[in-house]
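Examining the three-dimensional arrangement
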Amino acid sequence: MDLVRDCLDKQLVDRNGHNMGRVDGVVLQLEKGKQPIVAFVEVGPVCQAERLHRSLGRVAKAISRRVGVAQQDPFRIPWSKLVAAGIEVIADVDAEETPALAWELWLRKKIIGRIPGA
Amino acid sequence: MKKIFEIALGIVTSVGGFLEIGSITTAAQAGAGFGYQLLWAILLGGLCVIFLVEQAGRLSAVSGHTIPGAIRERFGLNYFAVLFVVLGLVTLLVLGAEIGGVCIAMELATGIGFQWWALPIAFLIWLIIWKGTFGIIEKGVSFLGLVTLCFVVGAFLFNPPWTNVAAGALPALPAHDKAHYWFVAVSILGASISPYLFFFYSAGAIEDKWDESYIGVNRVIAAGGMSFGTLISVSVLILAAVILLPRGIQVEHYSQLPMLLVPVFGRSGFWLFVASLTIACLGAAMEITLEIAYLTAQGFGWNWSENQRPKEEARFSLVYTIAILVGALIVVTGIDPLQLTILSMVLTAATLPISIVPFLVLMNDKYYVEEHGNGWFSNTVLCLIIAVALLVTLVAIPLQIFGGS
């Protein structure tokens, strides 16, 4: 498997097939004398901002902490919970229970859900 | 039988949704300023858009990817971020121009200044998207959009000197105002080759669950729909050439545009024009609004579908709500909608390479298009389109300065 081609930036869906973002980052674990292992993938605006520019990442992190909607940003999913399938990467989690959808749920509850007809 | 019905529906949808403020304005300016001489620019733009729409549809049908999704995956986050910011900003301006178009139609109909209409119209657009489904927006509005065929009827009734019209299909240098001539040519290309057109088309292919069996359907819809659509723009140019040019009317204000239909249809021509402008711009505004939300949601992997309830896709709904508001506020500032339209068309033209260069890679990557990739012919055409786009990018801003007024 080619991590950049077959994993990074792919659509991430949960076990119920719900969109939960894209694979924004891949985290490798390095230990002396051992082969590097792929530990996690990351999802979330902070990870995206870090990839664009380090200082942008710092700003995003500060804002994310301040606002406090997402408990964990970026959200990390262990590699063992992932399966690459076709054009998607499936994570064996329930998206609504993870911080990946924190903003989606916050908006649903506080703003969009309150507008008639939503 | 089902496929034939879908082809017919697809063509009707493309034709009804083709005309918008940009194509009406630029074609009218071309005809009023240079007669049939700029016909080639409309034809060239139409030809480019046929190929791009066909490739966008094929990519989505075969790979199941939306264009923003595929670009994010294949070119990474950095490239997508550039595309997102540049295309997003330009598209917001275009949205402002379309909302402005509906407002102008309302001003023509009622005499109440266009700025006053911006917020009510924005609310109407938002309400239709909020409550409606993709089918209602795509098909409903497009069927109403067939009223724009009145331009074609008008052009034929006028029976222009067809040999002169045909001569305009070949590029020729004008005798006067060279800078303005090329400026109008560039804005015509910007109006015809709108990225929103093929991004929206590709989202539609996914919403309608197209697969490989739709490659043929896609080809016929792209060729048929876009050719007939181009015919409407050509008709606007012909009408401007036979009506506005002899009277020395340069298109400097929207109030001059109903003149395009009045000599043919009399008093009802005025109302036909108002109806055409309203429906064409309203439809375009909805498609563009959705396109901005699609671009964002697909690129970032959020939930997106015009067929879900807003609650199920809160971020997607928030994006289109903000987009409509920004578009309306641009109009509320009182900026001249004509200037806004021309500016946004030129900027669309100037930023085209960012959205179409990725096609060259995607349409040749077996991972996406399998054995349905581009052949030598499609690739040659695509390279030519990119060459035209790059050339346009280089000359668009200087022309805006020297030939814009």
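Residues numbered from 1 in each chain as written. Chains lettered and ligands numbered in written order. Predicted model: local features only at pLDDT ≥ 70, side-chain atom pairs only at ≥ 80, totals over all residues.

**Considering the overall build of chain B**
The number of helices and strands found in chain B is 18 helices and zero strands. Over its C-alpha trace chain B gives a radius of gyration of 20 Å, about what one expects of a compact globule, namely 22 Å for 405 residues. Residues classed as buried in chain B amount to 56% of the 405 residues present. Across chain B, the fraction of contacts at a sequence separation of at least 24, relative to all contacts at a separation of at least 6, is 84%. (Helix = DSSP H or I, 4+ residues; strand = E, 2+ residues; numbered from the N terminus. Rg over C-alpha atoms; globule rule 2.2 N^0.38 Å. Buried ≥ 20, exposed ≤ 12 C-beta atoms within 10 Å, placed from the backbone. Contact = placed C-beta atoms within 7 Å.)

**Notes on the overall build of chain A**
When its secondary structure is counted, chain A shows four helices and seven strands. In chain A, the order of α-helices and β-strands from amino to carboxyl end is α-β-β-β-β-α-α-β-β-β-α. In terms of overall dimensions, chain A has a C-alpha envelope of 60 × 35 × 20 Å along the principal axes. Relative to its 118 residues, chain A shows a buried fraction of 34%.

**Focus on the packing of helix α16 (residues 352-362) of chain B against helix α18 (residues 376-403) of chain B**
All names here are of chain B. Their axes nearest at 10 Å, the elements α16 and α18 cross at an angle of 160 degrees. Taken together, the axis directions place α16 and α18 in an arrangement best described as roughly antiparallel. As α16 packs across α18, the resulting crossing turns out to be left-handed. Two secondary-structure elements touch here, α16 through Leu352, Pro353, Ile356, Val357, Phe359 and Leu360 and α18 through Leu382, Ile385, Ile386, Ala389, Leu390, Val392 and Thr393. (Axes fitted to C-alpha atoms, helices over the stretch in contact; angles between N-to-C directions. Parallel < 35°, antiparallel > 145°, perpendicular 65-115°, else oblique. Left-handed = near helix turned anticlockwise from the far one by under 90°.)

**Examining the sheet that holds strand β7 (residues 88-91) of chain A**
Residue and element names in this part refer to chain A. In space, the four strands of this open sheet follow the order β2-β1-β7-β6, with mixed pairing throughout. Two strands lie at the open edges of the sheet, namely β2 (19-22) and β6 (82-85), each paired on one side alone. Strand-to-strand, the axes of this sheet are offset by a mean angle of 30 degrees, without reference to chain direction. Looking at chain direction, strand β1 (residues 11-13) and β7 are connected through three bridges and run parallel. Bridge assignment links valine 13 to a residue of β7, and that residue is isoleucine 90. (Pairing = 2+ DSSP bridges.)

**Section: the interface of chain B and chain A**
Contact with chain B, which involves 23 residues of that partner, is made by 20 residues of chain A. Listing elements by their share of the side of chain B that touches chain A, those giving two or more residues are α4 (67-110), α5 (115-131) and α14 (314-332) of chain B. Sorting elements by how many residues they give to the side of chain B that touches chain A places α4(B) first, with seven residues. Grouping the amino acids of the side of chain B that touches chain A by side-chain chemistry returns eight nonpolar, nine polar and six charged. (Nonpolar A, V, L, I, M, F, W, Y, C, P; charged D, E, K, R; others polar.)

**What about the pairing of β6(A)?**
Here β6(A) pairs with β7(A) via four bridges, running antiparallel. Of the residues in β7(A), the one forming a bridge with A:Ala85 is A:Glu88.

**Description of the confidence of the model for chain B**
For chain B, the average pLDDT comes to 92, and 100% of its residues sit at 70 or higher. The ipTM, which scores confidence in the relative placement of chains, is 0.93 for this predicted complex, and the corresponding pTM is 0.94. (pLDDT = per-residue confidence, 0-100.)

**As for helix α2 (residues 45-52) of chain A**
Those residues of α2(A) that sit buried are A:Val46, A:Cys47, A:Gln48, A:Ala49 and A:Glu50. As for α2(A), its buried residues are in contact with β3 (25-29), β4 (37-43) and α3 (54-67) of chain A together with α4 of chain B.

**Some remarks on the environment of B:Ile129**
Residues and elements named next belong to chain B. Within the secondary structure, isoleucine 129 is located in helix α5. Look at isoleucine 129 and you get buried, because 24 C-beta atoms sit within 10 Å. Along the sequence, isoleucine 129 and glycine 16 sit 113 residues apart, while their C-alpha atoms lie 18 Å from each other. Excluding residues that lie within four positions of it along the chain, isoleucine 129 makes contacts with Ile137, Met286, Thr289, Leu290 and Tyr320.

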